[in-house]
Amino acid sequence: MQTKSEKILSFLCMGAFVIFFAVSVSFCFSKPQKSRFLFYFPSYDSKNLCTEVRFLPNKPVQGVEKQFVEELILGPMTNRYIRVFPRDTELSYCFLKDKVLYVGLSDALLSGVDGLTIKESIDIFRVNIVKNFTFINKIDVSIDGKSVFEQ
């Protein structure tokens, strides 16, 4: 027979186990707070585009597409990857309308970055958008108000 203190101890252990189990199950079935995105950057070491994984919040205030573009403008976290846009490039606007993504960039892009032409930078930008947002049909990029690439 168990003593009163042994019964209390076993009850507390069983209670702790039940609480731990309930918390574990709730974490398993809860929706994650962040989504996984792949960013594509040119590399100093390879002619191919290299990937970088980032986890971004699910419901950003500015919208998922704009948040992604802002992160892409910030550049890679890996030191051997090349920025897609020059360091002082600013995002004027970014919005999605009727499956068309409209993006306005500052004229800093005209200076180029690490040997990339404007067309190469825009092509890499397009790859990033198409691979991460398959529902977008067209991308209209403007530099200082002038459309440079539409597809």
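In this text, all values refer to a predicted model and were calculated from it rather than measured experimentally. (Residues numbered from 1 in each chain as written. Predicted model: local features only at pLDDT ≥ 70, side-chain atom pairs only at ≥ 80, totals over all residues. Heavy atoms only, no water.)

Draft legend 1. The arrangement of a nonpolar patch on the surface in detail. On the surface, Met14, Phe17, Val18, Phe21, Val25 and Phe29 cluster together into a nonpolar patch covering about 670 Å² of accessible area. Along the chain, Phe17 falls in helix 1 (residues 4–29). (Patch = residues over 30% accessible without salt bridge, like charges linked within 9 Å, V, L, I, M, F, W, Y side chains within 5 Å. Areas by Shrake-Rupley, 256 points an atom, 1.4 Å probe, with all protein chains shown as cover. Salt bridge = Lys/Arg side-chain N within 4 Å of Asp/Glu carboxyl O. Helix = DSSP H or I, 4+ residues; strand = E, 2+ residues; numbered from the N terminus.)

Draft legend 2. Inspection of the pattern of salt bridges at higher detail. Per the stated rule, a full pass over the model turns up four salt bridges. A salt bridge links Arg80 to Asp45; the shortest N-O distance between them is 2.8 Å. Linking Arg80 in the loop between helix 2 (64–74) and strand 3 (91–97) with Asp45 in the loop between strand 1 (34–41) and strand 2 (50–57), this pair joins segments that are 35 residues apart in sequence. Residue Asp45 is classed as exposed on the basis of its relative accessible area, which comes to 56%. Between Asp123 and Lys119 there is a salt bridge, with its nearest N and O atoms 3.0 Å apart. A residue pair is termed a helical-turn pair when its members lie 3 or 4 positions apart in one helix, as Asp123 and Lys119 do in helix 3 (residues 118–132) at four residues. (Buried < 20%, exposed > 50% of the residue type's maximum accessible area, 1.4 Å probe, protein only.)

Draft legend 3. Broad picture of a negative patch on the surface. A contiguous patch of negative charge on the surface is contributed by Asp88, Glu90, Asp107 and Asp144. Judged by its relative accessible area of 43%, Asp107 falls in the partly exposed class. (Lys, Arg positive; Asp, Glu negative; His and termini not counted. Charge placed at Lys NZ, Arg CZ, Asp CG, Glu CD.)

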